[in-house]
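Listed below are the residues making up each chain.
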Amino acid sequence: MILIKCPYCGERDHSEFSYGGDASIVYPSLDAPQEEWVKAIFFRENIKGIQKETWQHINGCRMWLEVERSTITHEITSVKPCHKNLQKVIDN
Amino acid sequence: MTRFNAWNVFKNGLNGQTGWDRQWRDPEPKQNYDAVIVGGGLHGLATAYYLAKNHNIKNVAVLEKGWIGGGNAGRNTTIVRSNYMMPGNREFYEHTLQLWENLSHDLNYNVMFSQRAHVVLIHSPGALDAYARRYNTMKLTGSDGELWSLEKLKNKIPHLNYDNGRFPILGAIVQPRAGNARHDSAVWGYARAADSLGVDILQNCEVTGITRKNGSIESLQTTRGNIKGKKIGFAVAGHTSVLWQMAELGNLPIESHKLQAFVTEAVKPLLDCVLIFGPGGAAHFYISQSDKGSMVFGGELDWYKSYAQRGNLPTVKENGECAMAIMPCLGKLRLLRHWAGVMDMSMDGSFFMCKTPIDNLYLNAGWNYGGFKASPASGWYFADLIANERPHKVIENHNLERFEKGINLDERGIGPDPKMHG
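Note that the structure is predicted; figures quoted are calculated from it, not measured. Note on numbering: residues in each chain are counted from 1, in written sequence order. Ligands are numbered from 1 and chains lettered from A, in the order in which they are written. Predicted model: local features are reported for residues with pLDDT of at least 70 only, side-chain atom pairs are reported and counted for 80 or more only, and whole-chain, interface and lining totals are derived from all residues. Side-chain calculation: all heavy atoms of the structure are included, whereas hydrogens and water are not.

(A) Quick look at the overall build of chain B. The helix count covers DSSP runs of H or I at least four residues long, the strand count covers runs of E at least two residues long, and both are numbered beginning at the N terminus. Broken down by element type, chain B carries ten helices and 18 strands. With the radius of gyration taken over C-alpha atoms, the globule rule is written as 2.2 Å times the number of residues to the power 0.38. Against the globule reference of 22 Å for 422 residues, chain B gives a C-alpha radius of gyration of 22 Å, in line with a compact fold. Expressed along its principal axes, the backbone C-alpha trace of chain B runs to roughly 65 × 65 × 40 Å. Per-residue accessibility, obtained with a 1.4 Å probe over protein chains only, is compared with the maximum for each type, and a residue is labelled buried under 20%, exposed over 50%, and partly exposed between these values. A total of 422 residues make up chain B; the buried ones form 59% of that total. Within chain B, contacts between residues at least 6 apart in sequence are counted, and of these 75% link residues at least 24 apart. Shrake-Rupley sampling with a 1.4 Å probe provides the accessible areas, and residues are treated as covered by the protein chains on show and by no other component. Of the roughly 16800 Å² that chain B leaves accessible, carbon and sulfur atoms contribute 51%. The centroid of the 45 positive side-chain charges in chain B is displaced by 3 Å from the centroid of its 39 negative side-chain charges. Residues count as neighbours in contact if any of their non-hydrogen atoms are within 4.5 Å of one another. The sign given to each residue is positive for Lys and Arg and negative for Asp and Glu; His and the chain ends receive no count. Charge positions are represented by NZ for Lys, CZ for Arg, CG for Asp and CD for Glu.

Right, here's the structure in full:
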């Protein structure tokens, strides 16, 4: 079991979360050439090591999280809300 | 190589089993090969075998970073079937089933292929319609399929949970020619047969670097020295992205995920087919009984990307729940082993077998859940691709450009989310 420290709910089992995927993908603008969209949607770096990825706490606060996790050891080194300003709101 | 036949079994029975050779040699790497296959799993070894057998290319090396049978070749649930629907996949998997049917004779090695039928339980009228369409489509390319009524299913497999209120069983869709094979025998059989045709199988030989020159690969650095090949084939499912980036080729339409499988203690004969529970949204679970009597089963991926060959506990629980939902008689059985293998999960759930941006490099990857059954035809078509330097018509769309052309070979109709292509 992986433990994910949700910024709002605290440390929870990963079975409470839903896996999103690669968080490093930047989607191109709507009028970008087709090749850029093909790369963004279909091609992955598939990192063996520490990768940035998204998880959603579906059985908790339902927040989308950006997690840094090793794909070799599953060790998590960072968890933060995907929404940039949300951490400030939680801290207050 | 001493052939396995009745006379040799008899003779060696009299001389204390001293007349057998080792199954394959343990050669020192040569400097140059006509073809080098990276990956000594079923796909790599089958490729080397068919290069030698079908195309007379015998100066071939297979590089394996571990030992033969230690990767996904030894980490699967040994199911062989050809119930695919998409054009290309259909012909490919029917071909692989036909190769399995004669594989023991072809390799002179008993791969214990048992055509015990692949029985998919149906839980809703919608699933029934969808599967009837799929199996009718399969018949167009010569695969076999049958629809079993509930009455017939109860007669064939009486001990399922037919009182399942949540997922009622309406009947089954069946491929009688499908079944199981012995995974170790298949990989050892291909290794032995390839070796006997002159292929060098190099174990403990991991590729650590790739030297490119003028648009082609000049040499591979390995833990056993530099090795050159006129043609290079990658067949390293699970770690394809790592090798691809080592060749400075960028990203692939692949994510690595892990899939678990489970084995119970052995029991007397209980299940004489491969049983699938839950398609059409209920669940995803497959179970069969090994020749030793163990129940072998598996289900979904672990849901997050990973290169670790270790499974997580929520998936163990989910598989246990599926087993209990469909065969409550399994409840007292203890699990002996469970393990996880790393899968190349592709963006549409279908494989890649194609030329690459590097002239002398060929790619065989993206097998998702289907690698074991695919291995004979995978070797057959990959050898054909390497020898003739053009894709066979059957695999003409199994390339990396298919997404930009709008060709998705998506059997489940799920879309570009690799973890969903189970």
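(B) Geometry of the sheet that holds strand E4 (residues 118-122) of chain B. Residues and elements named next belong to chain B. If you trace the eight strands from one edge of the open sheet to the other, you get E5-E6-E4-E13-E14-E15-E12-E16, paired in mixed fashion. Each of the sheet's edge strands pairs with one partner strand only, and the pair in question is strand E5 (146-149) and strand E16 (335-346). Looking at each pair of strands side by side, their axes are set apart by 25° on average, direction ignored. Docked against the sheet, helix H9 (residues 313-326) engages E4, strand E12 (254-266), strand E13 (274-277), strand E14 (285-289), strand E15 (294-305) and E16, running at close to 135° with respect to E15. Two strands qualify as a pair provided that DSSP identifies no fewer than 2 bridges between them. Lines are fitted to the C-alpha atoms to define the axes, a helix being fitted only along its stretch in contact, and any angle between axes, read from their N-to-C directions, falls within 0 to 180 degrees.

(C) Main features of the interface of chain A and chain B. On the chain B side, the residues contacting the 23 residues of chain A number 28 residues. In total, about 2200 Å² of surface goes out of reach between chain A and chain B, with carbon and sulfur atoms giving 55% of it. A carboxyl oxygen of Asp or Glu within 4 Å of a side-chain nitrogen of Lys or Arg is what we treat as a salt bridge. Joining chain A to chain B, the criterion identifies one salt bridge. Here a polar contact means two N or O atoms within 3.5 Å. Within protein one must be a hydrogen donor candidate and the other an acceptor candidate, and residues neighboring in sequence count only if both atoms are side-chain atoms. Summed over the shared surface of chain A and chain B, the number is 16 residue pairs in polar contact (both at pLDDT 80 or more). Sorting the residues of the side of chain A that touches chain B by element identifies strand E3 (18-22), helix H1 (34-42) and strand E4 (50-56) of chain A as the ones contributing at least two each. Here the side of chain A that touches chain B gets four residues from one element, more than from any other, and that element is H1 of chain A. Buried area: the accessible surface (1.4 Å probe) lost by two parts on joining, summed over both.

(D) Inspection of helix H10 (residues 371-388) of chain B at higher detail. Residue and element names in this part refer to chain B. The seven residues ending at a residue and the seven starting there each receive a fitted axis; the angle between those axes is the bend at that residue. The largest bend along H10 measures about 40° and falls at alanine 377. Taking burial as the measure, the 18 residues of H10 include 15 buried ones, the bulk of the element. Immediately downstream of H10, the backbone of glutamate 389 shows phi near 55°, a positive value.

(E) Quick peek at the packing of helix H2 (residues 42-55) of chain B against H10 of chain B. All names here are of chain B. As a packed pair, H2 and H10 sit with axes 7 Å apart at the nearest point and diverge in direction by 45°. Here H10 runs oblique to H2, going by the angle between their axes. In terms of crossing hand, the pair formed by H2 and H10 is right-handed. Any residue that is not Ala, Val, Leu, Ile, Met, Phe, Trp, Tyr, Cys, Pro, Asp, Glu, Lys or Arg is counted as polar, Gly included; the first ten are nonpolar and the last four charged. Counted by class, the contact of H2 with H10 contains twelve nonpolar, nine polar and one charged residues. Throughout this description, any angle smaller than 35 degrees is read as roughly parallel, any larger than 145 degrees as roughly antiparallel, any in the 65 to 115 degree range as roughly perpendicular, and the remainder as oblique. Helix crossings are classified by the rotation of the near helix relative to the far one: an anticlockwise turn of less than a right angle makes the crossing left-handed, while a clockwise turn makes it right-handed.

(F) Structural view of the side chain of serine 82 of chain B. Residue and element names in this part refer to chain B. Its location among the elements puts serine 82 in the loop between strand E3 (79-80) and helix H3 (89-101). Overall, the relative accessible area of 0% leaves serine 82 in the buried class. Side chain to side chain, serine 82 and glutamate 94 meet in a polar contact 3.1 Å long. In terms of polar contacts, serine 82 uses its side chain to reach the side chain of glutamine 175, at 2.8 Å. Here serine 82 is in contact with Tyr93, Glu94, Leu97, Met138, Ser143 and Gln175, once residues within four sequence places are set aside.

(G) Focus on the packing of aromatic side chains. All names here are of chain B. Any two of the Phe, Tyr and Trp rings considered here, Trp counted by its six-membered ring, make a pair once their centres fall within 6.5 Å; the pair's planes then place it as stacked at under 30 degrees, edge-to-face at over 60, or tilted in between. Taken as a whole and assessed by the stated rule, the structure comprises 25 aromatic pairs over all chains. Look at tryptophan 7 and phenylalanine 10: their rings are 6.0 Å apart centre to centre, the planes differ by 35°, and that puts the pair in the tilted class. Linking tryptophan 7 with phenylalanine 10, this pair stays in helix H1 (residues 6-14), spanning three residues, or about one helical turn. By relative accessible area, which is 55% here, tryptophan 7 ends up exposed. Seen in terms of ring centroids, tyrosine 49 and tyrosine 50 are 5.0 Å apart; in terms of plane orientation they differ by 65°. Their pairing is edge-to-face. In this structure, tyrosine 49 and tyrosine 50 share a single accessibility class: buried. An aromatic cluster is present here, built from Tyr84, Phe92, Tyr93, Phe351, Trp367, Trp380 and Tyr381 joined pairwise through their rings.

(H) Expanded view of the layout of surface pockets. All names here are of chain B. A 1.4 Å probe that fits but cannot get out identifies a cavity on a 1 Å grid over protein atoms alone, an open set with protein on both sides within 12 Å along at least five of seven lines counts as a pocket, and a residue lines either if it has an atom within 4 Å of a point. Grid points are joined across faces, edges and corners, and a volume is the space filled by probe spheres set on the points. Here the second largest pocket is characterised by a volume of approximately 460 Å³. Where the lining of the second largest pocket is concerned, the elements lending two or more residues are helix H7 (183-196), E14, E15 and E16. Top contributing element to the lining of the second largest pocket by residue count: E16, with three residues. Tallied by class, the residues present in the lining of the second largest pocket amount to six nonpolar, eleven polar and six charged.

(I) Looking closely at H2 of chain B. A helix's residues, less one, multiplied by 1.5 Å, set its expected span. Between its first and last C-alpha, H2 of chain B extends 19 Å over 14 residues, near the 20 Å set by a 1.5 Å rise per residue. Regarding H2 of chain B, the residues found buried are Leu42, His43, Gly44, Leu45, Ala46, Thr47, Ala48, Tyr49, Tyr50, Leu51 and Ala52 of chain B.

(J) Fine view of the sheet that holds strand E6 (residues 76-81) of chain A. Residues and elements named next belong to chain A. Within the open sheet, the four strands sit side by side as E3-E4-E5-E6. Their pairing is antiparallel. With one partner strand each, in any of the chains shown, E3 and E6 form the two edges of the open sheet. Strand-to-strand twist of the sheet, defined as the mean angle between neighbouring strand axes without regard to direction, takes the value 30°. Summarising the sheet, strand E5 (residues 64-70) and E6 pair through five bridges and their orientation is antiparallel.

(K) Here's a closer look at the environment of histidine 95 of chain B. Residues and elements named next belong to chain B. Looking at the element boundaries, histidine 95 is found in helix H3. By relative accessible area, which is 16% here, histidine 95 ends up buried. For the pair formed by histidine 95 and serine 219, sequence separation is 124 residues and the distance between their alpha carbons is 34 Å. Setting aside anything within four residues of it in sequence, one finds histidine 95 in contact with Ala377, Trp380 and Tyr381.

Structural measurements only, silent on function.
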